[in-house]
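Descriptive structure summary
Listed below are the residues making up each chain.
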Amino acid sequence: MVVNSTPIRHFAIGSHETRFGPLEFVGGLSMTSPVSHFGAFSSFRFSQPGADFIGVADTGFWFFGRVMRDMTGTPVGFANFSMQPMVDGNGQSTREKWTTDAEGIALKGDLATVSFEREHRVAEFHIERDAMGAAIGELDFLVPRHELRNNRGFETVAYAPDDGPLGGARVVVSERSIDVNGNCFAAVLEGPLKGVFAVTRSDGFDITDGAFLPDGDLLLLERRFTLADGVAMRLRRIAGDSIVPGGLADGPVLFTADMNYQIDNMEALDVWTRIDGATMVSIMSDDNHSLLQRNLYLEFRLVEE
């Protein structure tokens with residue numbers, strides 16, 4: 001599949017500034033393709049740090065590709081990109097939004113774990129590029145099903161570090177399925193701290209994806225939209241030691257970006273380690289197949305001071 005990429009050289013519109021809180025902008029891309037189902041990217045993970053990736057679109061597609069870079073390491077385009085529809089147990093693609101609204105993905109070896117909303121579930125798949133089959137099983141997501149809102153279910157599924165207190169467990173976080181205190185339902189699905197917890201919700205932002213940092217903190221991507229102000233995104237660092245059964249997880253906002261920055265409907269996030277040891281944060285947008293929205297890829301270095 002051909003992907004046309006236009007470089008984004010400056011994150012803040014009209015400014016050459018590269019530092020935004022603890023994040024340093026490395027580069028970005030605005031992408032188009034003549035293929036009609038290109039876009040709607042909900043979540044992705046690198047299978048090779050900063051290079052090969054696999055992701056899910058909320059229209060019921062898998063996507064695969066590779067980030068291409070120039071001599072300085074700046075992203076310049078996507079290569080070897082492909083998409084294929086998700087299939088059921090009969091090998092058929094229903095393409096029905098109700099059953100294929102994929103929102104989150106986590107990887108370990110040749111296993112992909114995907115969270116779906118509307119028909120809420122967390123399912124496992126064997127990874128075989130360009131030949132993805134039906135789910136091989138489903139996980140108990142622990143949160144009572146009646147607490148999950150129709151279009152506000154699990155947007156995040158992520159593996160915690162193996163050497164941390166969560167012991168490599170998978171963690172799910174909902175977009176806006178809230179408890180009686182207005183906080184988002186979440187759960188550790190396995191391991192020594194298995195159980196339900198909540199994540200603080202604030203300032204009208206909804207959770208759209210997340211990934212664990214090497215130290216065990218959870219980096220969350222969040223989005224807000226209002227008619228008055230348009231779209232905004234922010235990154236929040238959730239303290240790893242606050243992720244415990246029955247607990248309320250929270251942490252500081254690293255930075256917030258509005259329409260004065262090169263953002264859109266930012267939905268997908270991954271964290272990876274560059275060859276020089278730097279912690280990198282990559283973010284993608286979901287264009288909703290709208291002429292008014294863009295498919296973006298943004299890349300930052302997390303500056304630990």
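Just above sits the structure.
So, how was this worked out
Residues numbered from 1 in each chain as written. Predicted model: local features only at pLDDT ≥ 70, side-chain atom pairs only at ≥ 80, totals over all residues. Heavy atoms only, no water. Buried < 20%, exposed > 50% of the residue type's maximum accessible area, 1.4 Å probe, protein only. Helix = DSSP H or I, 4+ residues; strand = E, 2+ residues; numbered from the N terminus. Pairing = 2+ DSSP bridges. Core = buried A, V, L, I, M, F, W, Y, C linked by side-chain atoms within 4.5 Å. Contact = heavy atoms within 4.5 Å.

So, about the pairing of strand β14 (residues 184-188). Judged by how many residues are buried, β14 sits mostly within the fold: 5 of 5 residues are covered. Side chains C184, A186 and V188 of β14 all project onto a buried face; the interleaved residues F185 and A187 project onto the opposite face, where all are buried too. Of the strand pairs in this sheet, strand β13 (residues 170-178) and β14 are connected by 4 bridges, and their pairing is antiparallel. Paired with I178 across the two strands is C184, which belongs to β14. Between β13 and β14, which pair antiparallel one after the other, the connecting turn spans 5 residues, and G182 there sits at a positive phi close to 85 degrees. The pairing of β14 with strand β15 (residues 195-199) spans 5 bridges and is classified as antiparallel.

A few words on the nonpolar core. By size, the foremost hydrophobic cluster in this structure holds 26 residues, and its most contacted members are F11, M233, L235, L269 and I283. Counting residues per element, this core draws most heavily on strand β23 (residues 295-302), at 4 residues. M233 has contacts with F205, L221, E222, R223, F255, T256, A257, I263, M266 and I283, leaving out every residue within four places of it along the chain. One finds F38, F41, F46 and A57 within the second-largest nonpolar core, a separate group that totals 22 residues.

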